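Now for the letters of each chain:
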Amino acid sequence: MTTRNKKKSGGFKILTAMKSYLHLPIWKLMHDSFKISYDTFCEKESARESLRLKRKEAIANLEKTDENTLSLLSIVSKAIQIEINKKEIKYKEFFSEGNVSFVLNGNKIDRILSLEQLLKAFDNNQNYEFYAKYNQQLITTKTKLEEELDIVNDITQKEKEAINSLKDEENRYDFAFRKVKHFIKNEVQPNEYSNFFND
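Residues numbered from 1 in each chain as written. Predicted model: local features only at pLDDT ≥ 70, side-chain atom pairs only at ≥ 80, totals over all residues. Heavy atoms only, no water.

Engineer: Outline the overall build of the protein chain, supporting the account with residue identities and numerical values.
Structural biologist: Scanning the protein chain from terminus to terminus reveals six helices and zero strands. Ordered by position from the N terminus, the helices and strands of the protein chain form the series α-α-α-α-α-α. What you see for the protein chain is a C-alpha radius of gyration of 29 Å, clearly larger than the 16 Å of a compact globule of 199 residues, by over 25%. Buried residues in the protein chain amount to 38% of all 199 residues. Considering only contacts within the protein chain whose residues lie at least 6 apart along the sequence, 73% involve residues at least 24 apart. Side chains of the protein chain give 34 positive and 31 negative charges; the mean places of these two sets differ by 5 Å. (Helix = DSSP H or I, 4+ residues; strand = E, 2+ residues; numbered from the N terminus. Rg over C-alpha atoms; globule rule 2.2 N^0.38 Å. Buried < 20%, exposed > 50% of the residue type's maximum accessible area, 1.4 Å probe, protein only. Contact = heavy atoms within 4.5 Å. Lys, Arg positive; Asp, Glu negative; His and termini not counted. Charge placed at Lys NZ, Arg CZ, Asp CG, Glu CD.)

Engineer: Tell me about the packing of aromatic side chains, residues and numbers included.
Structural biologist: All told, the structure shown has 17 aromatic pairs when counted by the stated rule. Their ring planes at 40° and their centres at 5.9 Å tell us that Trp27 and Phe196 sit as a pair that is tilted. Linking Trp27 in helix H2 (residues 25–83) with Phe196 in helix H6 (residues 193–196), this pair joins segments that are 169 residues apart in sequence. Residue class for Trp27 comes out buried when judged on its relative accessible area of 2%. For the pair Tyr193 and Phe197, a centre-to-centre distance of 6.1 Å together with 70° between the ring planes defines the contact as edge-to-face. (Phe/Tyr/Trp six-rings, centres within 6.5 Å; stacked < 30°, edge-to-face > 60°.)

Engineer: Any chance you could break down helix H4 (residues 108–123) for me, citing the residues and the numbers?
Structural biologist: In an α-helix, one turn spans 3.6 residues; hence positions three or four apart end up facing the same way. For H4, which comprises 16 residues, the first-to-last C-alpha distance of 22 Å matches the rise-based estimate of 22 Å (1.5 Å per residue) to within 8%. Taken together, the buried positions of H4 are Lys108, Arg111, Ile112, Ser114, Leu115, Leu118, Leu119, Ala121 and Phe122. Of the surrounding elements, those touching the buried residues of H4 are H2, helix H3 (101–105) and helix H5 (129–187). Sitting at the amino-terminal end of H4 is Asn107, which places a side-chain oxygen 3.0 Å from the backbone nitrogen of Ile109. (Expected span 1.5 Å × (residues − 1). Polar contact = N/O pair within 3.5 Å; in protein donor to acceptor, adjacent residues only side chain to side chain.)

Engineer: Hey, could you go over the pattern of salt bridges for me, with residue numbers and the actual values?
Structural biologist: The tally for this structure, following the rule as stated, stands at 17 salt bridges. When the shortest N-O distance is used, the salt bridge between Glu170 and Lys7 registers 2.8 Å. Of this pair, Glu170 sits in helix H5 while Lys7 sits in helix H1 (residues 4–18), and the two are 163 residues apart along the sequence. Lys7 matches Glu170 in its accessibility class, with the two residues each being buried. Via salt bridges that share partners, Arg4, Lys7, Glu170 and Asp174 belong to a single interconnected network. (Salt bridge = Lys/Arg side-chain N within 4 Å of Asp/Glu carboxyl O.)

Below is the structure:
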């Protein structure tokens, strides 16, 4: 199976070698038709690769924010326990499972939902010291985590669409490649094939 890089280099070699024949109308027609397919294929492949890199970067940013969120939740949990005993029913207002470990071990959606619950509990307990110290940090962290999760989901969706678009274009390119290769093999001597083809 030929890689996309080999397909691109093979197409580039054909296009380059065809340039010396462009004075012939049929060659110019075949060249121009193949070049459109080649350019579109390269463009779609580049768009897909760009999205892959963006997704990778977005995931790294999300992971860093998630680590910061975990650290903040751990600190906030300890701050709450200084003022409210873990065994008190009131403590469950902050963490439904009765402790922070469920939040720390859950996924990012669990953390966002837990942050929502935590912020509601903070609003109902504004007289405590931890409210003044951590409320704004929790709001900012929740917003950032939601935004970065949305970015990852959005880029992932766009990348899936780009992959499907690339696959469709690759099929068209493969057909155009076979067509131009067949044309060239009918037009030139076998000893000239190496000017056009890598194989």
